[in-house]
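Structure at a glance
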Amino acid sequence: PGGSHCMLNSVTSTARPFMGPNMYVTPPAAFTHFHQDGHGTVDSGHLCISGYNEVVMLRRLTERHKKHALMTLTGNFGGKKALPTYFDGLYQEPHGDRLGKKPSWPTKAQIQKCREMGYCPTVCIVKPGQLIHINKGRLHAFRKMSIAPLPEGDCHKILREKTIEEHKLTKETLCVSVAWDWMYRGVSVGGINREMGTVLEAVVLNRKNGKISLAIPEFSLFQMAKMLNPGQKTASRLDSFLPFGNSDSTLSDSRTSVVSSMPDARTICRGILPSLRHVMKQQLRTLGSASSSALESSERGERVTIAKRPNTHEDPLKFPLDPYALDGFACKLCSRELSNVYYHCDGCEKLLSKDFNICLECHGDKKFVCSVQMHPTNPKKHATMNHTGAMKANRTSRCPCKNGPVCAHCNFCLGCSCRCHTWFTLHSRMFGEAEGEALLGGVDAACAPCDDSQQSQKLGDLLAERLEAAAKVY
């Protein structure tokens, strides 16, 4: 994570989620059934140290084709009256304890059906010293190889027999491997655009299905834009290995193939521009609509105050959060990353002295109208102890609930009617409206001279349609 081809290389180490390395020590014959790492948001590398790993891996697919592939590979059709079921490898933890009975390993016939559907299944064995890279969003399954014979229909039967014969294996070997996750950025303009679009779509699907995304694509995108923007002072730090020029000159260099495959800054800017334009428009739209709305409403759930400055401009000795770190910048309700614009609960701040930060979508859907325990031990629904956004009464003085005095901030009963936990302050983690427009304009200018501006705009429109469809259809 954070290597030369990783999206996290522009993000500080304190802002990166833990992605390994992890060591796995597993007995032969154990297996992890089909899943996608980070729920489709991260790439992974698996280095085999000892033992042998039997692998089945599909190409990157759309959501509906992933479900069809899982039905093909793991489906339980259970007779004429029972509805068909399949192993949910998309939104379940692959090593969880509540997965129930796992399906059998894929057969040759199932693999053949996947080939006929164009899912391009890879069936292989990773040997000691070998590494396999799994791109984000690719369904895959691992099984630790045993020397026991396999059924005739097992998809690894021939490969296992050849491996045992080739390496003269006579006893079981403990399987040891090291794995890590990362966020591959891509090399070409089209490749970078595909990688960004894939991870952004996966984040939308994870939120819809109530799952936490491991990757932080939006914050990485903003940081990449800042580092690569020639109008920013920080750009000079990358001039030595990301020159603004023709990438062909880099490819013709006599350096190693790893270095020569590094795209120049203009190529990266052209690749990230459609995704940056889409995400930035969402951020700027929120800032613009908040600044033009009625801010001083006293109605429940209607008041939004705008912070005076971005978090990066605050005094680090007084501001409770580090905007360049990971802690505190995940939605309290859906765990989505808070890349820049987020809503901060006034009630939790003033009455509890705690941070309750939520994303744009949760605030727009009014999901804050709920009770969330903030006190370490007391779950009581009281505005001075926990987040109480679900209070519906409108009582002021001499409240019959006898559960607390009147709130000094909203003048409603703290025990049953307080409105403070439905009022929010709109914060910007990294940049405000003017800075965001300047950042987007700088990346746009960095792509020049470029004759595919219309194509970039079209790709951005297609990405917006794709993410909107992901939020509604699946």
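Here the residue index of a chain counts from 1 through its sequence in written order. In keeping with the predicted nature of the model, local features appear solely for residues at pLDDT of at least 70, side-chain atom pairs appear and are counted solely at 80 or more, and the whole-chain, interface and lining totals rest on all residues. With hydrogens and water excluded, all non-hydrogen atoms of the structure serve as input to the side-chain values.

**A word on a nonpolar patch on the surface**
The condition is simple: Every patch collects residues that have over 30% relative accessible area and no salt bridge, joining them within 9 Å if they carry like charges and within 5 Å if they are nonpolar side chains (Val, Leu, Ile, Met, Phe, Trp, Tyr). Computed by Shrake-Rupley with a 1.4 Å probe, the accessible areas treat only the displayed protein chains as cover when residues are assessed. We count a salt bridge whenever a side-chain nitrogen from Lys or Arg sits within 4 Å of a carboxyl oxygen from Asp or Glu. Put simply, DSSP marks the helices as runs of H or I at least four residues long and the strands as runs of E at least two long, and each gets a number from the N terminus on. Exposed residues in this analysis have more than 50% of their type's maximum accessible area, buried residues have under 20%, and partly exposed residues fall in between, with area computed by a 1.4 Å probe over protein chains only.
On the surface, Met-23, Val-25, Ile-49 and Leu-174 cluster together into a nonpolar patch covering about 400 Å² of accessible area. With respect to the helices, strands and loops of the structure, Ile-49 is situated in strand 3 (residues 43-50). Judged by its relative accessible area of 45%, Ile-49 falls in the partly exposed class.

**Observations regarding the packing of helix 4 (residues 189-208) against helix 5 (residues 217-228)**
As a reminder of what qualifies: Fitted lines through C-alpha atoms serve as axes, helices being fitted only where they are in contact, and the angles separating the N-to-C directions of these axes extend from 0 to 180 degrees. Any two residues whose heavy atoms approach within 4.5 Å are treated as being in contact. Side-chain classes follow a simple rule in which Ala, Val, Leu, Ile, Met, Phe, Trp, Tyr, Cys and Pro form the nonpolar group, Asp, Glu, Lys and Arg form the charged group, and the remainder, Gly included, forms the polar group.
Two elements in contact, helix 4 and helix 5, have axes separated by 10 Å at closest approach and are oriented at 145°. Touching Met-196, Val-199, Leu-200 and Val-203 of helix 4 are Pro-217, Glu-218, Leu-221 and Met-224, all from helix 5. For the contact of helix 4 with helix 5, a count of residues per class yields seven nonpolar, no polar and one charged.

**Brief notes about the pairing of strand 6 (residues 131-134)**
Cut-off, in case you're wondering: Strand pairing is defined by DSSP finding a minimum of two bridges between the two strands.
Of the two faces of strand 6, the one lined by Ile-132 and Ile-134 is fully buried and the one lined by Leu-131 and His-133 carries no buried residue. Where strand 3 lies against strand 6, four bridges are found, and the strand directions are antiparallel. For Leu-47, the partnering residue across the bridge sits in strand 6 and is Leu-131.

**Description of the packing of aromatic side chains**
By convention here, two paired aromatic rings are described through the distance between centres and the angle between planes. Selection criterion: Think of it this way: a Phe, Tyr or Trp ring, Trp meaning its six-membered ring, pairs with another when their centres are within 6.5 Å, and the plane angle makes it stacked under 30 degrees, edge-to-face over 60, tilted otherwise. Each ring is checked for a lysine NZ or an arginine CZ that lies within 6 Å of its centre and within 35 degrees of its normal; such an atom marks a charge sitting over the ring.
This model, assessed by the stated rule, comprises six aromatic pairs. Ring centres of Phe-222 and Phe-431 lie 5.1 Å apart, and the angle between their planes is 90°; this geometry places the pair in the edge-to-face category. In this pair, Phe-222 is assigned in helix 5 and Phe-431 in the loop between strand 14 (424-428) and helix 11 (433-446), connecting sequence segments 209 residues apart. As far as burial versus exposure is concerned, Phe-222 and Phe-431 are alike and both buried. For the pair Phe-329 and Tyr-342, a centre-to-centre distance of 5.7 Å together with 80° between the ring planes defines the contact as edge-to-face. Here the residue Phe-329 occupies a position in the loop between strand 9 (304-306) and strand 10 (341-345), and Tyr-342 occupies one in strand 10, the gap between them amounting to 13 residues. Joined through ring pairs, the aromatic side chains of Tyr-343, Phe-368 and Phe-424 make up one cluster. The ring centre of Trp-423 lies 3.9 Å from the NZ or CZ of Arg-303, which sits over that ring. If you follow Arg-429 out to its NZ or CZ, it ends over the ring of Phe-219, 3.9 Å from the centre.

**Let's talk about the nonpolar core**
Put simply, the test is: Residues belong to a common nonpolar core when they are buried Ala, Val, Leu, Ile, Met, Phe, Trp, Tyr or Cys residues joined through side-chain atoms within 4.5 Å.
Of all hydrophobic cores here, the largest spans 40 residues; its most connected members are Leu-8, Met-183, Met-196, Leu-221, Ile-272, Leu-276 and Met-280. Counting only elements with at least two residues in this core, the list comes to helix 4, helix 5, helix 8 (265-292), helix 11 and helix 12 (453-472). Counting residues per element, this core draws most heavily on helix 8, at nine residues. With residues up to four places along the chain from it excluded, the contact list for Met-280 reads Phe-222, Phe-431, Gly-436, Leu-439 and Leu-440. Counting 25 residues, the second-largest nonpolar core is a separate cluster that includes Leu-287, Cys-359, Cys-362 and Val-372.

**A few points about the sheet that holds strand 9**
With mixed pairing, four strands are arranged side by side in an open sheet as 9-14-10-11. One side of each edge strand has no neighbouring strand; the edge strands of this open sheet are strand 9 and strand 11 (357-358). Two elements, strand 10 and strand 11, share two bridges in a ladder whose sense is antiparallel. Counted as the bridge partner of His-344 is Asn-357 from strand 11.

**Quick look at the pattern of salt bridges**
One pass over the structure, following the stated rule, counts 13 salt bridges. A salt bridge links Lys-136 to Glu-195; the nearest nitrogen and oxygen atoms lie 2.6 Å apart. Here Glu-195 lies in helix 4 and Lys-136 lies in the loop between strand 6 and strand 7 (140-144), a separation of 59 residues in the sequence. What makes Lys-136 buried here is its relative accessible area of 0%. For Glu-195, a relative accessible area of 6% corresponds to the buried category. Residue Arg-336 pairs with Glu-361 through a salt bridge whose shortest N-O separation is 2.9 Å. Here Arg-336, found in the loop between strand 9 and strand 10, pairs with Glu-361, found in helix 10 (residues 360-364); they are 25 residues apart in sequence, far enough to count as distant. Owing to a relative accessible area of 13%, Arg-336 belongs among the buried residues under this scheme. Because the salt bridges share partners, they merge into one network encompassing Asp-43, Arg-60, Lys-136 and Glu-195.

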